Amino acid sequence: MAIYVYTTEQMRALERAADAAGHSYAEMMEEAGAAVARVIHMLWPAEETRVVVLAGPGNNGGDGLVAARFLAQAGFSVTAFLWKRPEQDQQAEQARATGVAIFPAEEDLHRLQRAIERAHIVIDALLGTGLNRPIEGTLADILKIVQEEQKRSRQFDDAPLVWFTEDPSFSIKIPHRLSVVAVDIPTGINSDTGAVDPATVPADITITFAGPKVGQLLSPAATMQKAIIVADIGIPEAVKEASPAIAELVTPALAATLLPERSLLGHKGTFGRVLIIGGSVNYPGAPGLAAMAALRSGAGLITLGVPDLVAMALAPKQDLTNCTWLMLPHDLGALKPDAIKVLADEIPAYDALVLGPGLGQEEMTFAFVWALLGLRAHVAPRPSGIGFIKEHATPEPEAPTLPPTVIDADALNALAAFDEEWAPRLPPNHFVLTPHPGEMARLCGVEPSYVQANRLQLAQQKAQEWQQTVVLKGAYTIIAAPDGHVSVSPFATPVLATAGTGDVLAGLIGGLLAQGLAPYDAARLGVFLHGLAGRLLADEYETDRGVLATEVAQWLTHAISALANIAGE
Ligand SMILES: NC(=O)C1=CN([C@@H]2O[C@H](COP(=O)(O)OP(=O)(O)OC[C@H]3O[C@@H](n4cnc5c(N)ncnc54)[C@H](OP(=O)(O)O)[C@@H]3O)[C@@H](O)[C@H]2O)[C@@H](O)CC1
Ligand SMILES: Nc1ncnc2c1ncn2[C@@H]1O[C@H](COP(=O)(O)OP(=O)(O)O)[C@@H](O)[C@H]1O
Ligand SMILES: [K+]
């Protein structure tokens, strides 16, 4: 079952289409409320848990009251406070009939405050995707009461781990006396832009319906939600498949279908050869990390093409003893255009290339990158004539035809520094570009803040313009294909925010390319496994701090094995 990411308008269109196909609005609300109650019931014991439902004027409030009814039926002690609900309120009436205590919020904020002080769970069903203006007045007062009680109840600074899942049992932590569960989206988040109203209360769990709304994945909204659970509200698959969405979520089920097959009779040649080109005197470790990840991806043979002094430093390292080496010409530890001569003979033996980790930003290294990518012929310095003997210039080698290639790190900066248009000179749909927001900003000639505010649209637009796969890294990494398709990673976890994890990702995607995956699929699977490895490590250590990039590379093997289990659940 695919999960898509929607704009608010797309979500409304999806609901309309579902209604037209016979799955009514009332049924969707019933399923939405039931899903909220199910998740809570799975995580808290009914008998000892007091729940306060805050229900607003629209359908979000309706969902909350349906949840209230199911929770009361299950034995939870439930109180609902209504804010601006319509006079004819069927949901409130049904909830009351099952034993939910119901009060108008605005008339008695003191009662609301006392109830929240005693509650274990507050369900935020005040506003959902219908938010259309700043929050003020009574609504702001209500949210402030929750905010303050939430602050009081925080006993320690727990690790915020965000994880979309179809299965809420995947390690959600409930560390507080008071937990906030948001219905669809925390009140005050703009579901298109990710803007956050100052009144917004951060949610421990958000149960979002049918698929995430794009604003939930953008900054700053992304920081206001920890576990996000996508709940199925019964919209028929055919309706979903026929309705427009802005992106697809990379779910475990999707990632599992992308794993390359492994033939029982395979040998190392079957599983592809990867050549990693990078390294410089200042960044010797980066190509090593890429190689470790490529090894863990299941690729058959990994070679590091690096300056000899980088090879000397890396060769004895654990894991890298499994690699082969190609010494490339350099000046003072930075690769230079002459490296093309060595590579021209070697590259045809490889199924994938990773270009960039640790290259550095020397001018001659950029010239090497341009020449390797066929952007500009390498012009060697003129041989000087000694006396009457003139040296004959050796003809420059043609830029080799490259196998599918990951362009990462300083190779991206080399592209950004190229003074003409580079994109039309590259063969289409042949490269995976893996910029972080700073590199993306340089490539596009914009500010990093612009990249972050327009992540999805910018990645989509540039992948189409450049006709290559673009991986825009960071929380909820975006993977955009040359044909306009976009996928979003479900992982937002600071465990990966440590030096070298980008090199790991580049090597991993390179290893998947070598195993025959198309650039977009290699990027989607690579990003997923990378995030999952980080997530598993955070679970293992019970913290999201201090995990090393080398460990992320090593845990890719665990991630691959865990993927099969999670997808099968
Ligand atoms: N996706 C799906 O398939 C399904 C979605 N469902 C649910 O529907 C939800 C969307 O429902 P919705 O359209 O009724 O909007 P919702 O967020 O409840 O609020 C609208 C009300 O809020 C008001 N209002 C707005 N901003 C305000 C402000 N700043 N301050 C004060 N008031 C403000 C606005 O007032 P008005 O502008 O009219 O004055 C209006 O009265 C969605 O999030 C999900 O939970 C499910 O039921 C099942 C299927
Ligand atoms: N908060 C986060 N959530 C999810 N992934 C993250 C987060 N922070 C960083 N990452 C991931 O970690 C990697 C960092 O890569 P990069 O910025 O290139 O670092 P480096 O150059 O040090 O390797 C990327 O894959 C990025 O998506
Ligand atoms: K809400």
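About the criteria used
- Residue positions are given per chain, counting from 1 as you read along its sequence in written order.
- To label them, take the chains in the order written and letter them from A, then take the ligands in the order written and number them from 1.
- Local features in this predicted model are restricted to residues of pLDDT 70 or higher, and side-chain atom pairs are both shown and tallied only at a pLDDT of 80 or more, whereas totals for entire chains, interfaces and linings draw on every residue.
- Heavy atoms throughout the structure, all of them, feed into the side-chain values; hydrogens and water do not.
- Note that water is not among the atoms considered, so a metal site may appear incomplete; the donors listed are N, O and S atoms within 2.8 Å of the metal, with 3.2 Å applied to Na, K and Ca.
- Classification of residues uses two cut-offs on accessible area relative to the type maximum, computed with a 1.4 Å probe and protein chains only: under 20% is buried, over 50% is exposed, and between them is partly exposed.
- We define a salt bridge as a side-chain nitrogen of Lys or Arg found within 4 Å of a carboxyl oxygen belonging to Asp or Glu.
- Secondary structure elements follow DSSP: runs of H or I no shorter than four residues count as helices, runs of E no shorter than two count as strands, and numbering proceeds from the N terminus.
- Note on definitions. A residue lies near a molecule or strand when any single heavy atom of the residue is within 4 Å of it.
- Polar contact is defined as a pair of N or O atoms within 3.5 Å, subject to the rule that within protein one atom must be able to donate a hydrogen and the other to accept it, and that residues adjacent in sequence are counted only when both atoms are side-chain atoms.
- Only the protein chains shown count as cover for residues, and the accessible areas themselves come from Shrake-Rupley with a 1.4 Å probe.
- Each residue is assigned to one of three groups, with Ala, Val, Leu, Ile, Met, Phe, Trp, Tyr, Cys and Pro labelled nonpolar, Asp, Glu, Lys and Arg labelled charged, and all others, Gly among them, labelled polar.
- UniProt positions are given in the numbering used here, feature names are shortened, and annotations may be inferred rather than shown by experiment.

Trainee: Quick question: what am I supposed to make of the coordination of the potassium ion (ligand 3) here?
Mentor: Six octahedral donors around a metal ideally subtend angles of 90 or 180 degrees, whereas four tetrahedral donors ideally subtend 109.5 degrees. Looking at the metal site, the potassium ion (ligand 3) is ligated by Asn 60 (OD1), Asp 124 (O), Leu 127 (O), Val 183 (O) and Ile 185 (O), spaced 2.6 to 2.9 Å from it. Along the chain, the residues donating to the potassium ion (ligand 3) fall in the pattern N-x63-D-x2-L-x55-V-x1-I. Residue classification places Ile 185 among the buried residues on the basis of a relative accessible area of 0%.

Trainee: Would you explain the pattern of salt bridges in this entry?
Mentor: Close approach of charged atoms lets side chains of opposite charge pair. Applying the stated rule across the entire model yields 23 salt bridges. Close ionic contact of Arg 296 with Asp 319 constitutes a salt bridge, the shortest N to O distance being 3.4 Å. Taken as a pair, Arg 296 in helix α9 (residues 285–296) and Asp 319 in the loop between α10 (308–314) and β13 (324–327) lie far apart in primary sequence, 23 residues in all. Taking the relative accessible area as the measure of exposure, Arg 296 reaches 26% and is therefore partly exposed. A salt bridge links Arg 376 to Glu 420; the shortest N-O distance between them is 3.4 Å. You can see Arg 376 sitting in the loop between α12 (363–372) and β17 (405–407) and its partner Glu 420 sitting in the loop between α13 (409–417) and β18 (431–433), a full 44 residues away along the chain. For Arg 376, a relative accessible area of 31% corresponds to the partly exposed category. Relative accessible area serves as the criterion here: at 40%, Glu 420 is assigned to the partly exposed category. Salt bridges sharing partners connect three or more residues here, namely Arg 376, Asp 419, Glu 420 and Arg 425.

Trainee: Can you walk me through the site of ligand 1 in this structure?
Mentor: Asp 63, Gly 128, Asn 132, Arg 133 and Asp 184 are the nearest of the 23 residues found near ligand 1. In the environment of ligand 1, an oxygen atom lies 2.7 Å from a nitrogen or oxygen atom belonging to the side chain of Asn 132. Separating an oxygen atom of ligand 1 from a side-chain N or O atom of Asp 184 is a distance of 2.6 Å. Protein chains shield 81% of the accessible area of ligand 1, which is 950 Å² for the free molecule. At the level of secondary structure, the elements contributing two or more residues to the shell around ligand 1 comprise α1 (8–20), α2 (25–43) and α3 (59–73). The greatest single-element share of the shell around ligand 1, amounting to three residues, is contributed by α3.

Trainee: Which parts of the structure should I look at to understand the site of ligand 2?
Mentor: In the vicinity of ligand 2 lie 18 residues, with Lys 473, Gly 474, Thr 493, Gly 500 and Gly 502 positioned nearest. Here Gly 502 contributes a backbone N or O atom positioned 2.6 Å from an oxygen atom of ligand 2. At four residues, the largest contribution of residues to the shell around ligand 2 is made by helix α17 (residues 501–514). Across the shell around ligand 2, the residue classes break down as eight nonpolar, eight polar and two charged.

Trainee: How do you make sense of the UniProt feature "binding site: AMP" (unreviewed entry) in the protein chain when you look at a structure like this?
Mentor: Those residues carrying the UniProt feature "binding site: AMP" (unreviewed entry) are Lys 473, Gly 474, Ala 475, Tyr 476, Thr 477 and Gly 502 in this numbering. A maximum C-alpha distance of 14.2 Å among these annotated residues, which run over 30 residues, shows that they cluster at one spot. By secondary structure assignment, the location of Ala 475 is in the loop between β19 (469–472) and β20 (478–480). Overall, Ala 475 belongs to the partly exposed group, its relative accessible area being 45%.

Trainee: How do you make sense of unusual backbone geometry when you look at a structure like this?
Mentor: Most peptide bonds take the trans configuration, and most residues that are not glycine carry a negative phi. The omega torsion of the bond from Ser 219 to Pro 220 falls at 0°, within 30 degrees of zero and hence cis. Positive phi, close to 80°, is recorded for Asp 319, a residue that is not glycine. At Asn 429, a position not held by glycine, the phi torsion is positive, near 50°. Along the polypeptide, Asn 429 turns up in the loop between α13 and β18. Residue classification places Asn 429 among the partly exposed residues on the basis of a relative accessible area of 43%.

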